[in-house]
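# Coordinate inspection notes
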Amino acid sequence: MTQAQPPIPGTTVFDGEQAQKGYALNKMCYAFNSAEQRAAFKADEAGFMRAWGLNEEQTRAIRERDVLGLLAAGGNVYYLAKFAGILGLDVQDLGAAQTGLSKEAFKARLVAQNQQPDTLAA
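Looking now at empty space enclosed by the protein. Taken as a whole and judged by the stated rule, the model has 1 cavity of 30 Å³ or more. As a volume, the largest cavity reaches approximately 50 Å³. Contributing to the lining of the largest cavity are Val67, Leu70, Leu80, Phe83, Ala84, Leu87, Leu89 and Leu94. Only α6 (67-72) and α7 (77-86) provide two or more residues apiece to the lining of the largest cavity. Considering every element that reaches the lining of the largest cavity, the biggest residue donor is α7, with 3 residues. Partitioned by chemical class, the residues of the lining of the largest cavity number 8 nonpolar, no polar and no charged.

In a structure, side chains of opposite charge can pair up when their charged atoms sit close to one another. Inspection of every chain in the model, using the stated rule, returns 7 salt bridges. Between Asp90 and Lys103 there is a salt bridge, and its shortest N-O distance comes to 3.0 Å. Of the two residues, Asp90 is situated in the loop between α7 and α8 (91-99) and Lys103 in helix α9 (residues 103-114); the sequence distance between them amounts to 13 residues. Exposure remark for Asp90: the relative accessible area of 32% places this residue in the partly exposed category. Of the residues examined, Lys103 reaches a relative accessible area of 23% and is grouped as partly exposed.

Turning next to the side chain of Asn76. Here Asn76 is to be found in the loop between α6 and α7. The buried category is assigned to Asn76, whose relative accessible area is 15%. Excluding residues within four positions of it along the chain, Asn76 makes contact with Phe14 and Asn26.

As a further point, take the environment of Gly85. Mapped onto the fold, Gly85 is located in helix α7. C-alpha separation for the pair Gly85 and Phe32, spaced 53 residues apart in sequence, amounts to 8.9 Å.

Take the nonpolar core next. Counting 16 residues, the largest nonpolar core has Leu25, Met28, Phe32, Phe41 and Ile62 as its most contacted members. Of all the elements in the fold, those that place two or more residues in this core are α2 (23-31), α4 (45-51), α5 (56-64), α6 and α7. Ranked by residue count, the leading element in this core is α2, at 4 residues. Those residues within four positions of Met28 in sequence are excluded, and the remaining contacts are Phe48, Met49, Trp52, Leu54 and Ile62.

A separate point is the packing of α8 against α9. The geometry of α8 relative to α9 is characterised by a closest axis approach of 9 Å and an angle of 95° between their N-to-C directions. Taken as axis vectors, α8 and α9 run roughly perpendicular relative to one another. In contact with Gln92, Asp93, Gly95, Ala96 and Thr99 of α8, α9 contributes Lys103, Phe106, Lys107, Arg109 and Leu110. Of the residues assigned to the contact of α8 with α9, the class counts are 3 nonpolar, 3 polar and 4 charged.

About the criteria used
- Residues numbered from 1 in each chain as written.
- Predicted model: local features only at pLDDT ≥ 70, side-chain atom pairs only at ≥ 80, totals over all residues.
- Heavy atoms only, no water.
- 1 Å grid on protein atoms, 1.4 Å probe; cavity = no way out; pocket = protein on both sides within 12 Å on 5 of 7 lines; lining within 4 Å.
- Points joined across faces, edges and corners; volume = space filled by probe spheres on them.
- Helix = DSSP H or I, 4+ residues; strand = E, 2+ residues; numbered from the N terminus.
- Nonpolar A, V, L, I, M, F, W, Y, C, P; charged D, E, K, R; others polar.
- Salt bridge = Lys/Arg side-chain N within 4 Å of Asp/Glu carboxyl O.
- Buried < 20%, exposed > 50% of the residue type's maximum accessible area, 1.4 Å probe, protein only.
- Contact = heavy atoms within 4.5 Å.
- Core = buried A, V, L, I, M, F, W, Y, C linked by side-chain atoms within 4.5 Å.
- Axes fitted to C-alpha atoms, helices over the stretch in contact; angles between N-to-C directions.
- Parallel < 35°, antiparallel > 145°, perpendicular 65-115°, else oblique.

The following block contains the structure:
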């Protein structure tokens, strides 16, 4: 029997339960690999979401462009990146939304975390 991981404050852990919860949402987002599917979504968002069987929580989060809500509704960030692309967003936009930072602050945080101490430089 596997013990549950302790929660990470402010983070929705994508585990088996979340994967099952978000199956329809992630399947829909995967479909956005196709230009035809992206066009169909843009033409009729509500009908497109109904056709993929999204629940009310997922539908609301898509309608409101609520990235954190999509994660809570079972969304996997790799599939949600397909949806974000339709909106003209990139992975840094998603990271900023997840951390509550502006995109510029998130980028600065990434740069700061990448800086190595002089002792590691060759």
